[in-house]
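# Chain and residue survey
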Amino acid sequence: RTILSNDPRATAEWMVKYYEDATLLPDLPGCAHAERAAVKHDLGNGIIQVLIFVKDTAATRKDDPPAMIERVEKATQNLFETGSNYTWWFDNHDGFQRSSYDVEAAVADGDNVGKMMHYMDNGKLSEAYIMYFFPHTMYAIQNVHGGIHSTAPKELFMNDCR
């Protein structure tokens, strides 16, 4: 999987810090106009995922990925600071059924990690799930089971109009 990042090395190092089953891979060969860093992530049951974080150093317009990543980071920060309603950027996510993500350590270090619940069409709340962004990216993760019993994440109730 290739994921755009404004700081590929920092994103890869963050992942290795908070996922016990992630390993930083050796430096990738250089590419013109791109910085890259890669992580091997063991998802269990013999499934290995390689994530390559890439920064397009030639991007210059306001709608290029580096500028969009900054907008997503600001929207996410606002969501966590104010408890404001849903940001649709969270729908750009993958879901992990099993995850070694260290929720408590990430929250203690200041990461925005949410215990999300949303109102369903019948007016009831969904089951809670953990969501967070990889830093310097527009990439969110939804942990269906991992960390759900932690009291560290901020609880957010979304009326997301999906």
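Please refer to the structure placed before this passage.
A short tour of the structure in this document, coming up. Please read all numbers here as calculations on a predicted model, not as lab measurements. Each chain carries its own residue numbering, running from 1 in the written order of its sequence. Thresholds applied to this predicted model are a pLDDT of at least 70 for local features of residues and 80 or more for the giving and counting of side-chain atom pairs; totals over whole chains, interfaces and linings are not thresholded and use all residues. Excluding hydrogens and water, the side-chain figures rest on all heavy atoms present in the structure.

### Remarks on helix α2 (residues 65-82)
Note: α-helices contain 3.6 residues per turn, so residues at a spacing of three or four share the same orientation. This is how it is decided: Numbering of helices and strands starts at the N terminus; helices are DSSP runs of H or I of at least 4 residues and strands are runs of E of at least 2. To estimate the expected span of a helix, subtract one from its residue number and multiply by 1.5 Å. We call two residues contacting when some pair of their heavy atoms lies within 4.5 Å.
In this model α2 runs 25 Å from its N-terminal to its C-terminal C-alpha over 18 residues, within 8% of the 26 Å that 1.5 Å per residue would give. Among the structural elements, β1 (2-4), β4 (47-56), β6 (113-118), β7 (129-133) and β9 (154-158) are those in contact with the buried residues of α2. Just beyond α2, the residue with positive phi is Gly83, at close to 70°.

### Observations concerning a nonpolar patch on the surface
What counts is decided by this rule: To count toward a patch, a residue needs a relative accessible area above 30% and no salt bridge. Like charges then connect within 9 Å, nonpolar side chains (Val, Leu, Ile, Met, Phe, Trp, Tyr) within 5 Å. Accessible surface is estimated by sampling points in the Shrake-Rupley manner with a 1.4 Å probe; for residues, cover comes only from the protein chains shown. One side-chain nitrogen of Lys or Arg within 4 Å of one carboxyl oxygen of Asp or Glu is enough to make a salt bridge. Accessibility here uses a 1.4 Å probe with only protein chains present; expressed as a share of the type maximum, an area under 20% marks a residue as buried, one over 50% as exposed, and anything in between as partly exposed.
On the surface, Tyr119, Leu125 and Phe157 cluster together into a nonpolar patch covering about 260 Å² of accessible area. Within the element layout of this structure, Tyr119 appears in the loop between β6 and β7. On the accessibility criterion, Tyr119 (39% relative accessible area) is partly exposed.

### Some details on the sheet that holds β7
The line we're drawing: Strands were regarded as paired on the criterion that DSSP finds at least two bridges between them. With axes taken as lines fitted to C-alpha atoms, and helix axes fitted only over the stretch in contact, angles between N-to-C directions fall between 0 and 180 degrees.
Pairing is mixed across the open sheet formed by 5 strands, whose spatial order is β5-β8-β7-β6-β9. Each having just a single partner strand, β5 (93-96) and β9 make up the two edges of the open sheet. This sheet shows a mean twist of 30° between the axes of neighbouring strands, independent of strand direction. One ladder, built from 4 bridges, connects β7 with strand β8 (residues 140-143); its direction is antiparallel. Counted as the bridge partner of Met131 is Gln142 from β8.

### Notes on the sheet that holds strand β2 (residues 22-24)
Strand pairing in a sheet relies on backbone hydrogen bonds, with the paired strands running either antiparallel or parallel. An order of β1-β4-β3-β2 is seen for the 4 strands of this open sheet, with the pairing classed as mixed. The outermost strands of the open sheet, each flanked by one partner alone, are β1 and β2. Recorded for the sheet is a direction-independent mean angle of 25° between the axes of neighbouring strands. Relative to the sheet, helix α1 (residues 8-18) contacts β2, β3 (34-44) and β4, its axis offset from that of β3 by approximately 20°.

### Details of the pairing of β6
Counting buried positions along β6 yields 6 of 6 residues, so the element is predominantly enclosed. Of the two faces of β6, the one holding Val113, Lys115 and Met117 and the one holding Gly114, Met116 and His118 are both buried throughout. Sheet analysis places β6 next to β7, joined by 4 bridges and oriented antiparallel. Within the sheet, the bridge partner assigned to Met116 lies in β7 and is Tyr129. Relative to β9, β6 runs parallel, the two sharing 5 bridges. In the strand pairing of β9, Gly114 is matched with Lys154.

Functional significance is not addressed by these values, which are geometric in nature.
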